[in-house]
Number of protein chains: 2
Amino acid sequence: MSNAPHPRSDSPTRRVTAAMVAAEAGVSTATVSLVVNGKTAGRVSAANEQRVREAIDRLGYVLDSVGSSLARGVSSTIILVAPDISNPFFAQLISGVRQVLATDYHLLLSVSDPGQRPSLTEVSRLFGQRPAGLILHAPDPEFLAGVPAHVPVVAVDAPDAPETVPAVNFDVSQGARLIAEHLHSRGHRTIAYLDAATGTATLRVRREAFMAAATSLGMTVLQHLPVATTIDIAAAGASFTAAWPQMHAAQASAVVCATDTQAYGVLQEARAAGLEVPRDLAVTGFDDLPFSASMNPGLTSINLAADAVGVQAATMLRNLLSDTSIEQRQLIWPSRLVVRGSSALD
Amino acid sequence: MSNAPHPRSDSPTRRVTAAMVAAEAGVSTATVSLVVNGKTAGRVSAANEQRVREAIDRLGYVLDSVGSSLARGVSSTIILVAPDISNPFFAQLISGVRQVLATDYHLLLSVSDPGQRPSLTEVSRLFGQRPAGLILHAPDPEFLAGVPAHVPVVAVDAPDAPETVPAVNFDVSQGARLIAEHLHSRGHRTIAYLDAATGTATLRVRREAFMAAATSLGMTVLQHLPVATTIDIAAAGASFTAAWPQMHAAQASAVVCATDTQAYGVLQEARAAGLEVPRDLAVTGFDDLPFSASMNPGLTSINLAADAVGVQAATMLRNLLSDTSIEQRQLIWPSRLVVRGSSALD
DNA sequence: CTGAAAGCGCTTACAG
DNA sequence: CTGAAAGCGCTTACAG
């Protein structure tokens, strides 16, 4: 920050423009622009480039991206649209995206309130920003359809995205099967499924894949017992508490939860009800949040490689932006079962 | 989305501009601009306003915020700068900010990698966006000093912010005292403090306030035992494990952690070491993350009203933006002790 | 109440 | 290799 003073209390120094740099260096603004954008090869003499760089340093010039975006017709901002950043798993995704895109683009997040989808005005304003590209986490089909044709887009965690949309998904079907097989191998035959009531595609796939796998293994899955809840610890716990008597009567020996967050609530309330996990009741989650290993007992879950997927999605988008033809339009990342104490006696 | 089709596969329809709307409505672009910005009072006839609105609907016009920002000299984007969004507590803060600002401004998040501070280039690009204002979560002094004088700023969770900077802080000193008093009242006399090694001001304040309170209550706090760690479950657990023999020898009966995240690691490793919490060792956290109630035993912690603080900060910024003089430049929000099983026998 | 015009800061053919 | 100039889409005094 040494040579670019930003006097917070001094007189409101005027913004330094390319024109001022040009005057200082004795060149045109066209030349300044070429230097700033690294397009000097064969277009700017070494001497002039040097002069411009010195002038930039002297004046503390910073490219105005608003002017730049208007002239180029597109900004260098990539917007990551997420329905819910309270999911800690999302931080990992971002970290992966940053690794690939942070150098050349400005990464911004646009979030809606948890569980809610972005409104029409929010979407319009989004495109009014002229983003260079979009990474959409778990977009609903309407949002996807509303993206203007000329904006490069990559979807993440969107198993229902049309094949024409580049996407990187987690293999949650496989994860759901792994859970079913794991519980079956531990002798469970009657099981409850706590679904998440957000309508996201990944959650539908998780449920359907689990049902299919459990059924084909000859297990019984209780219907709507417990009742689906939002992805919230307290709501999930309450739903479990309400359903437990019936589950118990039906001789259910395990609760499979659509998300780790919900499983935390079930663990908590099962304990409050005096149940011993996993002896009296096995519990499993999905997502393998960083906190799941710290539960007591640890929560058996499905690990999703969020950072790897972030890297993949960002790489795909970068290729799209540089017109590199991408080989595969949709990638799928394997899931991994992590067995912990909540489903396995030591 | 009905009357504003975004043909994803059709021919690349040209962006609809204010000039096209003006032509369609038979008025000037100046009039279109006034209507779009709701500045019609006494400046646009009802008839013309009506015509313009119809033309906008017919053509599916959306204000281009890049052009608008350039003309006005400032965008309608408010950027929330956060060092680490993996902190779930951050989602609550955002929710509060959104409640106040989402209608009139576009809220975007700029994140750096966990624990790292934003680089100079990132900061420059930030201001190249011409944000209407900034909300800074736990900014370091250098960043704060680098904010151009004309950009309205509100800091959050920045107990070291100069008095000239509007800020909303949590009373973490009070929280630290509450922890000390609670443990003292439970009979603890020798205590370990697991600090967080990120250099954020709030963490320094937590530690200093705790040390002062504990000392004045006549308690002994072991020095650098365990060794400070990043805000990471595994790192904290490992640090605890390494320090436990010495802590035990020193007859420490409690570990006070700078953050809940670290406390999770301690709980986990204490359990692995065969310790019973809280009988053999009490553990406390700080932040009261949503997961802390789900630990077993539940984690005693300090609850910070993140959403309330988000609302406050956003309100302050909105007042700053509308030239309303704000009464108080710095607000402080009380902390609340939440006692759970990790420090209290049933 | 209305519109022509200047201007925001930059980029990019274009002519030299 | 270089610069004058047009243009990106909008807003805002200004003159009427």
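Remember, it's a predicted structure, so these values are computed and weren't measured experimentally. (Residues numbered from 1 in each chain as written. Chains lettered and ligands numbered in written order. Predicted model: local features only at pLDDT ≥ 70, side-chain atom pairs only at ≥ 80, totals over all residues. Heavy atoms only, no water.)

A. Geometry of the protein's contact with DNA strand C. Contacts to DNA strand C come from 29 residues, most closely from Ala18, Ser33 and Tyr61 of chain A together with Gly42 and Asn48 of chain B. In DNA strand C, the atoms that sit within 4 Å of the protein are 77% sugar and phosphate, with bases accounting for the remainder. A distance of 3.1 Å separates a base nitrogen of DNA strand C from a polar backbone atom of Gly67 of chain A. Between a phosphate oxygen of DNA strand C and a side-chain N or O atom of Asn48 of chain B, the distance comes to 2.6 Å. Where the surface near DNA strand C is concerned, the elements lending two or more residues are helix H2 (29-36) and helix H4 (65-72) of chain A together with helix H2 (29-36) and helix H4 (65-72) of chain B. Broken down by element, the residue count for the surface near DNA strand C peaks at five residues, all from H4 of chain A. Among the residues making up the surface near DNA strand C, the classes are represented as 11 nonpolar, 12 polar and six charged. (Near = heavy atom within 4 Å. Polar contact = N/O pair within 3.5 Å; in protein donor to acceptor, adjacent residues only side chain to side chain. Helix = DSSP H or I, 4+ residues; strand = E, 2+ residues; numbered from the N terminus. Nonpolar A, V, L, I, M, F, W, Y, C, P; charged D, E, K, R; others polar.)

B. Summary view of the relation of the copies chain B and chain A. With an axial shift of 0.0 Å and an RMSD of 0.1 Å, the rotation relating chain B to chain A amounts to 180 degrees. Taken together, the rotation and translation relating the two chain copies correspond to the operation of a two-fold axis. Taken together, the interface assignments show that 100% of the residues at the interface of chain B recur at the interface of chain A, consistent with an identical surface on both copies. (Least-squares fit on C-alpha atoms with pLDDT ≥ 70 in both. Contact = heavy atoms within 4.5 Å.)

C. Main features of the sheet that holds strand S7 (residues 220-222) of chain B. Residues and elements named next belong to chain B. Overall, parallel pairing links the four strands, which are arranged S7-S6-S8-S9 in an open sheet. If you trace the sheet from one side to the other, it starts and ends with S7 and strand S9 (282-284), each paired once. Pairs of neighbouring strands in the sheet enclose a mean axial angle of 25 degrees, with direction left out of account. Here strand S6 (residues 190-194) pairs with S7 via three bridges, running parallel. Paired with Ile191 across the two strands is Val221, which belongs to S7. Here helix H9 (residues 201-216) sits on the sheet and contacts S6, S7 and strand S8 (254-257); the angle it forms with S6, its principal contact strand, is near 175 degrees. (Pairing = 2+ DSSP bridges. Axes fitted to C-alpha atoms, helices over the stretch in contact; angles between N-to-C directions.)

D. Quick peek at the protein's contact with DNA strand D. Near DNA strand D there are 29 residues, and of these Gly42 and Asn48 of chain A together with Ala18, Ser33 and Tyr61 of chain B occur at the shortest range. Each atom of DNA strand D within 4 Å of the protein was classed as base or backbone; sugar and phosphate made up 77%. If you list the elements that add at least two residues to the surface near DNA strand D, you get H2 and H4 of chain A together with H2 and H4 of chain B. With five residues, the single largest contributor to the surface near DNA strand D is H4 of chain B. Classifying every residue of the surface near DNA strand D gives 11 nonpolar, 12 polar and six charged.

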